[in-house]
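Given next are the chains, with one letter for each unit.
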Amino acid sequence: MEEDRTLRALGLDEAPREHPLLYPGAWPRESGTLDGERLVPLERLVFEDRVPVLAVGSNACPGQLRHKMAESGVVTPLPMVRARVTGVGIGVSAHVSRMGYVSNSPVAAAGRARELFVLWLDAQQLAVIDASEGVPRPDGNFRRVWLPAPDVRIELADGSALSGAHVYVNRHGVLHDGTGAPRAHPGQRPLLTDLLENVPGLRQLFGASPEEFSARARADPALCARGTRLFAERGMVTACGLERYTGARRYGGPGSGASPSPPPA
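Strand direction decides the pairing type here: strand 1 (residues 32-35) and strand 4 (residues 78-92), joined by three bridges, are antiparallel. Bridged to Leu34 within strand 4 is Leu78. Where strand 1 meets strand 2 (residues 38-40), three bridges bridge the pair, whose relative direction is antiparallel. Residue pairing across strands places Asp35 opposite Arg38, the latter belonging to strand 2. Adjacent in sequence and paired antiparallel, strand 1 and strand 2 are bridged by two residues, among which Gly36 carries a positive phi angle near 70 degrees.

Roughly 630 Å³ of internal volume is contained in the largest pocket. Looking at the largest pocket, it is lined by 34 residues, and the ones nearest its centre are His95, Ser97, Ser132, Asn141 and Phe142. Where the lining of the largest pocket is concerned, the elements lending two or more residues are strand 3 (51-55), helix 2 (62-71), strand 5 (104-121), helix 3 (123-132), strand 8 (164-170) and helix 7 (221-233). Considering every element that reaches the lining of the largest pocket, the biggest residue donor is helix 7, with four residues. Residue composition of the lining of the largest pocket, by class: 15 nonpolar, 13 polar and six charged.

One broad trend across soluble globular proteins is that nonpolar side chains are buried collectively. Core analysis: the biggest nonpolar cluster contains 27 residues, and Leu54, Val85, Val88, Leu147 and Ile154 have the highest contact counts within it. Secondary-structure elements contributing two or more residues to this core are strand 4, strand 5, strand 6 (142-148) and strand 8. Among the nonpolar cores identified, the runner-up in size contains 22 residues, and Leu34, Ala60, Leu126 and Val128 belong to it.

Right, let's get into the packing of aromatic side chains. With the rule as written, the count across this model stands at four aromatic pairs. On the numbers, 6.4 Å between centres and 80 degrees between planes, the contact of Trp27 with Phe117 is edge-to-face. Of this pair, Trp27 sits in the loop between helix 1 (7-10) and strand 1 while Phe117 sits in strand 5, placing them 90 residues apart in sequence. On the basis of relative accessibility, which here comes to 0%, the residue Phe117 falls in the buried class.

About the cut-offs
- Residues numbered from 1 in each chain as written.
- Predicted model: local features only at pLDDT ≥ 70, side-chain atom pairs only at ≥ 80, totals over all residues.
- Heavy atoms only, no water.
- Pairing = 2+ DSSP bridges.
- Helix = DSSP H or I, 4+ residues; strand = E, 2+ residues; numbered from the N terminus.
- 1 Å grid on protein atoms, 1.4 Å probe; cavity = no way out; pocket = protein on both sides within 12 Å on 5 of 7 lines; lining within 4 Å.
- Points joined across faces, edges and corners; volume = space filled by probe spheres on them.
- Nonpolar A, V, L, I, M, F, W, Y, C, P; charged D, E, K, R; others polar.
- Core = buried A, V, L, I, M, F, W, Y, C linked by side-chain atoms within 4.5 Å.
- Buried < 20%, exposed > 50% of the residue type's maximum accessible area, 1.4 Å probe, protein only.
- Phe/Tyr/Trp six-rings, centres within 6.5 Å; stacked < 30°, edge-to-face > 60°.

This is a description of form; function is not addressed.
In structure tokens:
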């Protein structure tokens, strides 16, 4: 009997854009190609005609990717390759998203390794993800940058390594842990619970519970901007450590994906 590879059967169908407290959403256990409502086995690990982008948040959730692509009418298959990445960690964005959550954001993590996904995006898919992260807008929350090897090591299942990949770096910085170091993202509900309890003024803006926070944020973009400013005013923001790459330029190379240069900041 053929295995059911639908996102629903795999537990990967819910999108944080629709269910913000589930952010960053469910990530696959293994590599695969997102093809409509299904996650099917990969044919290979590297796609020279596509752009490699590291996913550190909901872009690694197939349900979220499907939602973004469907909204823009893009239906082409999207390869998601699990990789061991050294040099990139996951912090907390120093902004309140209009989707109703406080998102993951990449941070420098020298010498530390973790499992992340590399998305191999065609031109249309890249435009969709760029737009969703605010890259084309001067007031957008993220800029797309190129992280080169050997600064960052991206090792695939067959032991090969990429020459680098793009990642979305937050223009607002990231939240720190009280010592000045980027704080880790514990998951949406515990994060919002902690922020509402410990950030003076946040409850007045967003209510007393994670549910109320998400509902108010989704209903009011201006309120999200006020919350973002509050993080900075309370001295909660630090650099992510990847800012030095924002002026980098990337040119296509064998086995690494043909990629445009990052847009201007």
